[in-house]
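Below, each chain spelled out in residue letters.
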Amino acid sequence: MGLLAVLDEAVAALKAPLGGEDRAQGWTDDLRREVQEEISINRSVLRRHGTGMVRHLRPRFDEWMEHEGVQPGRLRELVGDVQRSFVEARAMA
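Q: An account of the overall build of the protein is needed here, citing residue identities and associated values.
A: When you go through the protein residue by residue, the secondary structure sums to five helices and zero strands. Along the protein, helices and strands appear, N-terminal first, in the series α-α-α-α-α. The globule rule puts the C-alpha radius of gyration for 93 residues at 12 Å, and the 13 Å found for the protein is close to it. A principal-axis box enclosing the C-alpha atoms of the protein has dimensions of 40 × 20 × 20 Å. Out of the 93 residues belonging to the protein, those deemed buried represent 41%. Within the protein, residue pairs in contact and separated by at least 24 positions form 68% of the contacts whose partners lie at least 6 positions apart. Only carbon and sulfur atoms are counted for the fraction: they give 49% of the accessible area of the protein, which is about 5400 Å². Within the protein, the 16 negative side-chain charges are centred at a point lying 6 Å from the centre of the 14 positive side-chain charges.

Q: Give a detailed account of the nonpolar core, specifying residues and quantitative values.
A: Generally speaking, a soluble globular protein has its nonpolar side chains buried in company with each other. Within the largest apolar cluster, 25 residues are counted, with the highest numbers of intra-cluster contacts made by Trp27, Val35, Ile39, Val82 and Phe86. Among the elements that line this core, the one with the most residues is helix H1 (residues 3-15), at seven residues. Not counting residues within four places of it along the chain, the set of residues in contact with Phe86 comprises Leu3, Leu7, Asn42, Leu46, Val54, Leu57, Pro59 and Phe61.

Q: Can you lay out helix H5 (residues 74-92) for me, pointing to particular residues and giving the numbers?
A: The end-to-end C-alpha separation of H5 is 27 Å, in line with the 27 Å expected for 19 residues at 1.5 Å each. Taken together, the buried positions of H5 are occupied by Leu75, Leu78, Val79, Gly80, Val82, Gln83, Ser85, Phe86, Ala89 and Arg90. Its buried side turned inward, H5 meets H1, helix H2 (20-24), helix H3 (29-49) and helix H4 (61-68).

Q: Which residues make up a negative patch on the surface, and what are the values?
A: Judged by side-chain charge, Glu34, Glu37, Glu38 and Glu68 come together as a negatively charged surface patch. At three residues, H3 tops the list of elements feeding residues into the negative patch. Note on placement: Glu38 falls in helix H3.

Q: Mind laying out the side chain of Arg90, listing which residues take part and the relevant values?
A: Here Arg90 is to be found in helix H5. If we ignore the near neighbours within four places in the chain, the residues touching Arg90 are Val54, Arg55, Leu57, Arg58, Pro59 and Arg60.

Q: Explain the packing of H3 against H4 to me, and be specific about the residues and the numbers.
A: At their nearest, the axes of H3 and H4 sit 12 Å apart, and the two run at 175 degrees to each other. Classified by the angle their axes make, H3 and H4 are roughly antiparallel. Residues Leu31, Glu34, Val35, Glu38, Ile39 and Asn42 of H3 lie in contact with H4, whose contacting residues are Phe61, Trp64, Met65 and Glu68. Residues belonging to the contact of H3 with H4 are distributed by class as follows: six nonpolar, one polar and three charged.

Parameters and conventions
- Residues numbered from 1 in each chain as written.
- Predicted model: local features only at pLDDT ≥ 70, side-chain atom pairs only at ≥ 80, totals over all residues.
- Heavy atoms only, no water.
- Helix = DSSP H or I, 4+ residues; strand = E, 2+ residues; numbered from the N terminus.
- Rg over C-alpha atoms; globule rule 2.2 N^0.38 Å.
- Buried < 20%, exposed > 50% of the residue type's maximum accessible area, 1.4 Å probe, protein only.
- Contact = heavy atoms within 4.5 Å.
- Areas by Shrake-Rupley, 256 points an atom, 1.4 Å probe, with all protein chains shown as cover.
- Lys, Arg positive; Asp, Glu negative; His and termini not counted.
- Charge placed at Lys NZ, Arg CZ, Asp CG, Glu CD.
- Core = buried A, V, L, I, M, F, W, Y, C linked by side-chain atoms within 4.5 Å.
- Expected span 1.5 Å × (residues − 1).
- Patch = residues over 30% accessible without salt bridge, like charges linked within 9 Å, V, L, I, M, F, W, Y side chains within 5 Å.
- Salt bridge = Lys/Arg side-chain N within 4 Å of Asp/Glu carboxyl O.
- Axes fitted to C-alpha atoms, helices over the stretch in contact; angles between N-to-C directions.
- Parallel < 35°, antiparallel > 145°, perpendicular 65-115°, else oblique.
- Nonpolar A, V, L, I, M, F, W, Y, C, P; charged D, E, K, R; others polar.

In structure tokens, the structure reads:
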């Protein structure tokens, strides 16, 4: 799956309301919105200026999740996929 597709999937999932399991894993509505906005901004930059811009974007979603104390689960895995996709895309750029 390409980087933009991963970002699209993550934005869609993070726009949906949190479930009880998500909340139990440490997600709050504010955190969900902030992460969704950050991914949306990165996605917009790549769409507007091309995927070559990936070498200039340095998201640290993994560190953010760790700092916020978010436990493993569906949304954290999705955010991890975004982080890995950025790393892979930078390596190929």
